[in-house]
Amino acid sequence: MESLLAAAATDPAFADFQVMSYGSLLLPDHPIRFGFQVDIVPSNCPSSILFGLISRDPVNSGCAKTTGFAVRLELEMREVWDALNGSGLVGWVEHPLGLAGFTDEEPLLLGWEIEFHGQALIPKLVVADQQWLYPAIQCPNPIVMESIVGWKGEWEADPRGIFLHPALWREHVPMSHPTEPQTQSIAA
């Protein structure tokens, strides 16, 4: 059986990228919040990088389709592009000093935070101190989400030196309990 990462690497959205994973997680049958984050120092990176949480979802024809959330950062232009869902330009990496403001001591944070409720994945993208909400997507249950990073072209440096402090995490979402309806009396 082909690995999720190897199968996703053949997806046209990732065709120009070398990709690697920092792990995967199986979503349970109850609501959770999960995410993936890494730090980068733009001056130590290739000019185009990829960052996401993806899954392979079988479709009616039997061929698998890559689903999930991934962005491409074009560092020279400081642009953040949706790489998987056709949303186009998401935004720009903002910092008063430009990309030079992100250093080994203060790296650029890239993060996905996703809430899983029912069959919906509800994502939020974090780049530095900016946050963007994405449209939710429907997913089957159970589903395995794979963390991915990538870079365009040949890069001699060890990717572990580019994508720093990787963290794939999950936490339970507290179940909400219905409360007694609150009534309010209005004096006449």
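None of the values given here were measured: they were computed from a predicted structure.

**With respect to the packing of aromatic side chains**
Part 1 of the reasoning: One pass over the full model with this rule turns up six aromatic pairs.
Part 2 of the reasoning: Ring geometry for Phe-36 and Phe-51: centres 5.2 Å apart, planes at 20 degrees, overall stacked. Separated by 15 residues along the polypeptide, Phe-36 in strand S2 (residues 32-40) and Phe-51 in strand S3 (residues 48-58) bring together distant segments of the chain.
Part 3 of the reasoning: Under the relative-accessibility criterion, Phe-51 is labelled buried at 1%.
Part 4 of the reasoning: When the centroid spacing of 6.4 Å and the interplanar angle of 85 degrees are considered together, the rings of Phe-69 and Tyr-134 count as edge-to-face. In this pair, Phe-69 is assigned in strand S4 (residues 64-74) and Tyr-134 in the loop between strand S9 (130-133) and strand S10 (137-138), connecting sequence segments 65 residues apart.
Part 5 of the reasoning: Using a relative accessible area of 0% as the deciding quantity, one classes Phe-69 as buried.

**Examining the pattern of salt bridges**
A side chain of one charge can pair with a side chain of the opposite charge when the charged atoms of the two come close.
Part 1 of the reasoning: Going through the model one piece at a time under the given rule, you end up with six salt bridges.
Part 2 of the reasoning: Its salt-bridge partner being Arg-33, residue Glu-113 comes within 3.9 Å of it at the nearest N-O pair. Of this pair, Glu-113 sits in strand S7 (residues 108-117) while Arg-33 sits in strand S2, placing them 80 residues apart in sequence.
Part 3 of the reasoning: Glu-113 sits in the partly exposed class, given a relative accessible area of 26%.
Part 4 of the reasoning: Where Glu-74 meets Arg-72, a salt bridge forms, and the shortest distance between an N and an O atom there is 2.6 Å.
Part 5 of the reasoning: Residue Glu-74 is classed as buried on the basis of its relative accessible area, which comes to 18%.

**Structural notes on the nonpolar core**
Part 1 of the reasoning: Core analysis: the biggest nonpolar cluster contains 38 residues, and Leu-27, Phe-34, Leu-73, Leu-108, Leu-110 and Leu-121 have the highest contact counts within it.
Part 2 of the reasoning: Elements supplying a minimum of two residues to this core: strand S1 (17-27), S2, S3, S4, S7, strand S8 (120-127) and strand S11 (143-152).

**Remarks on the environment of Phe-34**
Part 1 of the reasoning: Among the structural elements, Phe-34 can be located in strand S2.
Part 2 of the reasoning: Between the C-alpha atoms of Phe-34 and Arg-170, which are 136 residues apart in sequence, the distance is 4.0 Å.
Part 3 of the reasoning: For Phe-34, the contacting residues outside a window of four places in its chain are Leu-25, Leu-27, Leu-53, Trp-112, Glu-113, Ile-114, Phe-116, Leu-121, Met-145, Trp-169 and Arg-170.

**Here we look at the environment of Glu-171**
Part 1 of the reasoning: Within the element layout of this structure, Glu-171 appears in strand S12 (residues 164-172).
Part 2 of the reasoning: Spatially, the C-alpha atom of Glu-171 lies 5.3 Å from that of Arg-33, the residues being 138 residues apart in sequence.
Part 3 of the reasoning: When neighbours within four sequence positions are excluded, Glu-171 is seen to be in contact with Ile-32 and Arg-33.

**Overview of the environment of Leu-99**
Part 1 of the reasoning: Inspection of the secondary structure assignment puts Leu-99 in the loop between strand S6 (89-92) and S7.
Part 2 of the reasoning: Once the C-alpha coordinates of Leu-99 and Pro-42 are considered, the two residues, 57 residues apart in sequence, prove to be 6.4 Å apart.
Part 3 of the reasoning: Not counting chain neighbours up to four residues away, the residues in contact with Leu-99 comprise Pro-42, Leu-75, Arg-78 and Val-93.

**Observations concerning the pairing of strand S5 (residues 79-82)**
Part 1 of the reasoning: Pairing between S5 and S6: three bridges, direction antiparallel. Bridged to Glu-79 within S6 is Trp-92.

**Some words on the confidence of the model for the chain**
Part 1 of the reasoning: Looking at the chain as a whole, its pLDDT mean stands at 84, while 82% of the residues score no less than 70.
Part 2 of the reasoning: Ignoring residues within four places in sequence, the model shows residues 178-188, a span with pLDDT below 50, making zero contacts including any to other chains.

What counts as what
Residues numbered from 1 in each chain as written. Predicted model: local features only at pLDDT ≥ 70, side-chain atom pairs only at ≥ 80, totals over all residues. Heavy atoms only, no water. Phe/Tyr/Trp six-rings, centres within 6.5 Å; stacked < 30°, edge-to-face > 60°. Helix = DSSP H or I, 4+ residues; strand = E, 2+ residues; numbered from the N terminus. Buried < 20%, exposed > 50% of the residue type's maximum accessible area, 1.4 Å probe, protein only. Salt bridge = Lys/Arg side-chain N within 4 Å of Asp/Glu carboxyl O. Core = buried A, V, L, I, M, F, W, Y, C linked by side-chain atoms within 4.5 Å. Contact = heavy atoms within 4.5 Å. Pairing = 2+ DSSP bridges. pLDDT = per-residue confidence, 0-100.

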